[in-house]
Amino acid sequence: MLPRCSFTVCHVLVLVLCLSSAEDFDWTKNEHSTFYYGTFPAGFSWGAGSSAYQTEGAWDKDGKGLSIWDVFSHKKGKIQRNETADSSCEGYYKVKDDVSLIKELKLNHYRFSISWPRLIPTGIKTDHINEKGMQYYDELINHLLENKITPVVTLYHWDLPQVLQEKYGGWQNISMVNHFNEFANLCFERFGNRVKYWITFNNPWSVAVEGYETGEHAPGLRLRGTGAYRAAHHIIKAHAKVWHSYDTQWRRKQKGLVGISLSGDWGEPVDISNQKDIEAAERYVQFYLGWFATPIFHGDYPQVMKDFIGRKSVQQGLGMSRLPSFSPQEKSYIKGTCDFLGIGHFTTRYITQKNNPSGRSSSSYFNDRDLAELVDPRWPDPGSEWLYSVPWGFRRLLNFVKTQYGNPMVYVTENGVSEKMLCTELCDEWRIQYYKGYINEMLKAIKDGVNVKGYTAWSLLDKFEWDEGYSERFGLYYVDFRSRDKARYPKASVQFYKRIISANGFPNQREVEIWRRRAVEMCSSSNQLLAAEEQRSTAANILRLIHDPLTSHMEMVTEIVVPTVCTLSILLSAVFLMFLLRRRN
């Protein structure tokens, strides 16, 4: 429970390193509950996003190689309910269908990622290039452009080729820098005449921390206190090398842009009168967003990271810091390697100072920060346990980016909210409220002078959510994962987001309320259609099981009904029918 004052007074964050120069944003002003009616600048780009592993399926088709996520998700106990993305949304086979959804939304751009092992099965370019993989992305890019939708392409959204993990240790090894550069140059060569927006890495924080520190994500390594820092160090170098490759070899001819997508939650001090809490809140943001952004914009890690990790390393009896260092030449090479900054943002935390133990056995990224994260229990949390709806934090993070990194060109590359429920619900009014609040805070940030050029809703479709499997849904469109064709159904948020795009903002209170009401009304008919489809599907599965009622009735309960809809009446009818059949036998 947070101190009462933290909710009743305005939160002032005097960020030690950067906010003293913020003349046009008043950090002392409390506008958490105000709504701003207005429009975005002309030419503002609206989009939605996805990633290859989460949506494509076809995990072993047409010459695709194994990724670390293919291997990780097939290990028992790594993913909720031991689910995999083997088929997922079957996006590999539904290019035209999904582009039609994008067109229906009237999006300006669509963000997707290219699967490295689909193009280069082993990850090593000289081994083999998979032309069928090339053809798939050619088709997707061409179909988007034919429908006047700009492709925004991510080169790495976590699906490292498994061979590179087994042979070299993945991002723990410096050799990844050259292998990734070869993959990126292949993409520039084959798709760069049509793709003008490239993102090197998506959320490298998760790659480093969850892949090599906690082991929650692929490749599942737990190298506490060192693994995340080493992986991040190589990722930053790989990003810089790819940027320089594009700059020297492709930019003049293709005239595209290369950026990176960094995720960052906002951190607000619990006690605004406590200097240690104020410093801890900045430390939270610097260890998250600044870890990657500061080298890219300023050439080196945030000073606070170097200080804290270095000091704890000494206390642990180590001869050097667990945080690797850049040489002077590397600092110059890395600095400025960003044509635009992608920002992924979902939520906010209250932060307070906490002195963590410094012993060698307690060595970890999280202990290095010396802070504790807290939430307001009144914040809405409809889905992911980590994702609370706190729109005002978004504006503050965007202003932090402006002041810390010289107001770079920003594209919001991920922003959205999940639901976590057993019942199908297309009338996602909580998602409407989330998008309304966060997009409005982004509009306020633009009014503050932040150079935001576009927004990407996360995500277009429900999809495989990493270690959470299919238990959480982020999509604007509901995907029926049980159905053979992975049918898509629009949620209410589709209609609401579509209205924001058409109006390029929020014209007035009355009209925005009409959007919300009509969106919810329209989803009711979709709900009925989906319920009917699911009842038919469930009935078909029941009939299948009736022929063999003794073998897998528990399979029906756990794998057919629970993950999808609240069809309790159907389940009870099925159980009763099985009981009658057994008595008859």
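To keep things clear, this report deals only with the structure shown in the data block. Counting restarts for each chain, with residues numbered from 1 along the sequence as it is written. Residues qualify for local features only when their pLDDT is at least 70, as the model is predicted, and side-chain atom pairs are given and counted only at 80 or more; totals for whole chains, interfaces and linings, by contrast, use all residues. Here the side-chain values reflect all heavy atoms present in the structure, with hydrogen atoms and water set aside.

1. Digging into the packing of helix α8 (residues 176-191) against helix α10 (residues 227-254)
Between two packed helices, what matters for the description is the angle formed by their axes and the separation of those axes.
For step 1, the next point in the chain: Following both chains from N to C, one finds α8 and α10 inclined at 30 degrees, their axes separated by 9 Å at the closest point. It follows from the interaxial angle that α8 and α10 lie roughly parallel. Crossing geometry of α8 relative to α10 is assigned as right-handed. Listed contacts from α10 to Val-177, Asn-178, Phe-180, Asn-181, Ala-184, Asn-185, Phe-188 and Glu-189 of α8 are His-234, Lys-237, Ala-238, Lys-241, Val-242, Ser-245, Tyr-246, Gln-249, Trp-250 and Gln-254.
For step 2, the next point in the chain: Throughout, the ten residues Ala, Val, Leu, Ile, Met, Phe, Trp, Tyr, Cys and Pro are labelled nonpolar, Asp, Glu, Lys and Arg are labelled charged, and all others, Gly among them, are labelled polar. Looking at the contact of α8 with α10 residue by residue, the class counts come to eight nonpolar, seven polar and three charged. Every axis corresponds to a line fitted to the C-alpha atoms, with the helix fit spanning only the stretch in contact, and the corresponding angles, defined between N-to-C directions, vary from 0 to 180 degrees. Helix numbering and strand numbering both begin at the N terminus, where a helix is a DSSP run of H or I of at least 4 residues and a strand a DSSP run of E of at least 2. Any angle from 65 to 115 degrees is called roughly perpendicular, while one under 35 is roughly parallel, one over 145 is roughly antiparallel, and all others are oblique. Each crossing is labelled by how the near helix is turned from the far one, with a counterclockwise turn of less than a right angle marking it left-handed and a clockwise turn marking it right-handed. Only heavy atoms matter for contacts: two residues are in contact if any of them lie within 4.5 Å across the pair.

2. Some details on the pairing of strand β12 (residues 452-457)
Each regular strand displays side chains that alternate between the two surfaces of the sheet.
For step 1, the next point in the chain: To sort residues, take the accessible area from a 1.4 Å probe on protein chains only and compare it with the maximum for the residue type: under 20% means buried, over 50% means exposed, and anything in between is partly exposed. Extensive coverage of β12 is indicated by the burial of five of its six residues.
For step 2, the next point in the chain: Two strands pair under a simple rule: DSSP has to find at least two bridges between them. As paired strands, strand β2 (residues 45-49) and β12 are joined by four bridges and run parallel to one another. Its bridge partner lying in β12, Ser-45 is registered against Gly-454.
For step 3, the next point in the chain: Pairing of strand β11 (residues 410-415) with β12, which is carried by four bridges, proceeds in the parallel orientation.

3. Side note on unusual backbone geometry
For step 1, the next point in the chain: Here the residue pair Ala-218 and Pro-219 is connected by a cis peptide bond, since its omega of 5 degrees sits within 30 degrees of zero.
For step 2, the next point in the chain: By the secondary structure assignment, Pro-219 is in the loop between α9 (204-212) and α10.
For step 3, the next point in the chain: Each neighbour pair has its own omega, and for Trp-458 with Ser-459 the value is 15 degrees, a cis peptide bond.
For step 4, the next point in the chain: Tracing the backbone through its elements, the reader meets Ser-459 in the loop between β12 and β13 (477-479).
For step 5, the next point in the chain: Here Arg-81, not a glycine, exhibits a phi torsion of approximately 55 degrees, which is positive.
For step 6, the next point in the chain: When its relative accessible area of 42% is taken as the criterion, Arg-81 is described as partly exposed.
For step 7, the next point in the chain: Positive phi, close to 55 degrees, is recorded for Asn-504, a residue that is not glycine.

4. Observations concerning the pattern of salt bridges
For step 1, the next point in the chain: Put simply, a salt bridge is a Lys or Arg side-chain nitrogen that is within 4 Å of an Asp or Glu carboxyl oxygen. Within the structure shown, the criterion is met by 31 salt bridges.
For step 2, the next point in the chain: For the salt bridge of Asp-448 with Arg-395, the shortest nitrogen-to-oxygen distance reads 2.8 Å. Separated by 53 residues along the polypeptide, Asp-448 in helix α16 (residues 429-448) and Arg-395 in helix α15 (residues 392-405) bring together distant segments of the chain.
For step 3, the next point in the chain: A relative accessible area of 9% places Asp-448 in the buried class.
For step 4, the next point in the chain: Put simply, Glu-429 and Arg-516 hold a salt bridge, and the shortest N to O gap is 2.3 Å. Here Glu-429 is found in helix α16, whereas its partner Arg-516 is found in helix α18 (residues 509-546), with 87 residues between them in sequence.
For step 5, the next point in the chain: One salt-bridge network, held together by shared partners, links Glu-419, Asp-428, Arg-431, Asp-462, Arg-473 and Lys-491.

5. Details of helix α12 (residues 303-315)
For step 1, the next point in the chain: One less than the residue count of a helix, multiplied by 1.5 Å, gives the span that helix is expected to have. For α12, with 13 residues, the first-to-last C-alpha span of 18 Å sits near the 18 Å given by 1.5 Å per residue.
For step 2, the next point in the chain: If you check which residues of α12 are buried, you get Val-304, Met-305, Phe-308, Ile-309, Gly-310, Lys-312 and Ser-313.
For step 3, the next point in the chain: At its buried positions, α12 is contacted by α10, α11 (275-298) and α14 (365-368).

6. Here's the deal with the sheet that holds strand β8 (residues 341-344)
Picture the strands of a sheet paired through backbone hydrogen bonds; they go either parallel or antiparallel.
For step 1, the next point in the chain: The eight strands are arranged β2-β3-β4-β5-β6-β8-β11-β12 in a closed barrel whose pairing can be described as parallel. Strand-to-strand twist in this sheet, taken as the mean axis angle between neighbours without regard to direction, amounts to 25 degrees.
For step 2, the next point in the chain: Looking at chain direction, strand β5 (residues 197-202) and strand β6 (residues 257-263) are connected through four bridges and run parallel. Looking at the pairing, Asn-202 lines up with Ser-261 of β6.
For step 3, the next point in the chain: Its contacts with the sheet put helix α6 (residues 131-146) on β3 (109-113) and β4 (150-156), and the angle it makes with β3 is roughly 170 degrees.

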